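Residue strings, one per chain:
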Amino acid sequence: MMTARIATLALAGSAIVFTLCIGRADAKSDASCTATTPSIITHKGDNGTECQAQVIGGGRNKATSHASRSALAGSIAKAGGTADASATDGGQATSEASAGRTIATANGLKAKAVAKVTAGGSAKATASKGAQAVAMAAEECKVRATASGSGSFGQATCSNAGSVITVEATKGSTAEGSDTQSPTCKRLHGGGAKVRSP
């Protein structure tokens, strides 16, 4: 499993909880991790920067993560999965792929991105400037969540094969989409909330 520092992560509906110690930004604080065989690779940079990449079981798996400037990035790949996580400037990214493809990108302080697939499919989460983005696929489906701006929240989830869900939230707005429930769009501060779902 990931270290508690990288992956003290709880998903409960639309809630994300991370544990992060943030220090002063430093251009030298880069950490990159790659795992392609069963192992846990961890690297630490300056000022709290840390990455971790983990592969579980056999098969063609690849987990990569990159963190810079007081950021945390963690990835897990298994059952033929490919997981990528990237975080900068105090952001936090978690990517987990089981027989699928995940990409999590977090840029900026308090930005949090989570991408997870459990049975194939693909998930991409991109968060910036204090936003939170969650993309989760439980089947051979495709989800994309993008959120930008402090307080923004975007969540895309799918559980039916073939579904495509895309959400985008900006300026503190909320956008949630799935293939099992009606979409939720809450626009705030002149921002946008967009959901594209079946």
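Note that the structure is a prediction, hence the values are computed from the model and not measured.

## Digging into unusual backbone geometry
Residue A99 is not a glycine yet carries a positive backbone phi of 60 degrees. Phi at H189 takes a positive value of approximately 55 degrees, unusual for a residue other than glycine. According to the relative accessible area criterion, H189 is exposed, its value standing at 68%.

## What to know about the confidence of the model for the chain
As a note on interpretation, predicted positions should not be read in detail where pLDDT is low. Taken as a whole, the chain shows an average pLDDT of 88; of its residues, 85% reach a score of 70 or greater. For residues 3-27, every residue scores under 50 in pLDDT, and the model assigns this stretch 65 contacts once sequence neighbours within four places are set aside.

## Quick notes on the pairing of strand β15 (residues 153-158)
For β15, the buried fraction is high: 5 of the 6 residues fall into the buried class. Bridge count for strand β13 (residues 132-137) against β15 is 6 bridges, and the pairing is parallel. Residue pairing in the sheet places Q132 in a bridge with F153 of β15.

## Description of the state of the cysteines
In protein chemistry, a disulfide is the covalent bond that joins the sulfur atoms of two cysteines. Scanning the entire structure with this criterion turns up 2 disulfides. The disulfide that involves C33 links it to C51, with 2.0 Å between the sulfurs. Note on the C33 and C51 pair: the S-S dihedral is about 75 degrees, so by sign convention the disulfide is right-handed. Of this pair, C33 sits in strand β3 (residues 30-35) while C51 sits in strand β5 (residues 50-56), placing them 18 residues apart in sequence. For the pair C33 and C51, one class covers both residues: buried.

## Overview of the sheet that holds β15
The strand order across the open sheet built from 9 strands is β4-β5-β7-β9-β11-β13-β15-β17-β18, with neighbouring strands paired in mixed fashion. Two strands in the sheet have a free side with no partner beyond their single neighbour: β4 (39-44) and β18 (184-186). Going from strand to strand, the sheet's axes swing by 5 degrees on average, the running direction of each strand aside. With 6 bridges joining them, β4 and β5 adopt antiparallel strand pairing. Across the sheet, I40 pairs through a bridge with Q54, a residue of β5.

## A closer look at the environment of V195
Within the element layout of this structure, V195 appears in strand β19 (residues 193-196). Classification of V195 as partly exposed rests on a relative accessible area of 24%. Other than its neighbours up to four places away in sequence, V195 contacts T166, V167, A175, E176, G177, P183, T184 and C185.

## Thoughts on the side chain of T64
The topology assignment puts T64 in strand β6 (residues 62-68). Those residues in contact with T64 that lie beyond four places of it in its chain are C33, T34, A53, S75, A83, D84 and A85.

## Quick word on the pattern of salt bridges
Tallied over the entire structure, the rule returns 3 salt bridges. Among the ionic pairs, E96 bridges to K78, the shortest N-O distance being 3.9 Å. Of this pair, E96 sits in strand β9 (residues 92-98) while K78 sits in strand β7 (residues 72-78); the two residues are 18 residues apart in sequence, bridging distant segments of the chain. Overall, K78 belongs to the partly exposed group, its relative accessible area being 28%. Here R101 and D84 are joined by a salt bridge, their closest N and O atoms 2.4 Å apart. Here R101, found in strand β10 (residues 101-107), pairs with D84, found in strand β8 (residues 82-88); they are 17 residues apart in sequence, far enough to count as distant. When its relative accessible area of 18% is taken as the criterion, D84 is described as buried.

## Let's talk about the side chain of S70
If you trace the backbone, S70 turns up in the loop between β6 and β7. Here N47 takes part through its backbone oxygen, which lies 3.1 Å from a polar atom of the side chain of S70.

## Observations regarding the sheet that holds strand β12 (residues 122-128)
Strand order across the open sheet formed by 8 strands is β3-β6-β8-β10-β12-β14-β16-β19, with mixed pairing between neighbours. Pairing within the sheet leaves two strands with one partner each, and these edge strands are β3 and β19. Pairs of neighbouring strands in the sheet enclose a mean axial angle of 0 degrees, with direction left out of account. Pairing between β12 and strand β14 (residues 142-148): 7 bridges, direction parallel. For A125, the partnering residue across the bridge sits in β14 and is A145.

Calculation criteria
Residues numbered from 1 in each chain as written. Predicted model: local features only at pLDDT ≥ 70, side-chain atom pairs only at ≥ 80, totals over all residues. Heavy atoms only, no water. Buried < 20%, exposed > 50% of the residue type's maximum accessible area, 1.4 Å probe, protein only. pLDDT = per-residue confidence, 0-100. Contact = heavy atoms within 4.5 Å. Helix = DSSP H or I, 4+ residues; strand = E, 2+ residues; numbered from the N terminus. Pairing = 2+ DSSP bridges. Disulfide = S-S within 2.5 Å. Axes fitted to C-alpha atoms, helices over the stretch in contact; angles between N-to-C directions. Salt bridge = Lys/Arg side-chain N within 4 Å of Asp/Glu carboxyl O. Polar contact = N/O pair within 3.5 Å; in protein donor to acceptor, adjacent residues only side chain to side chain.

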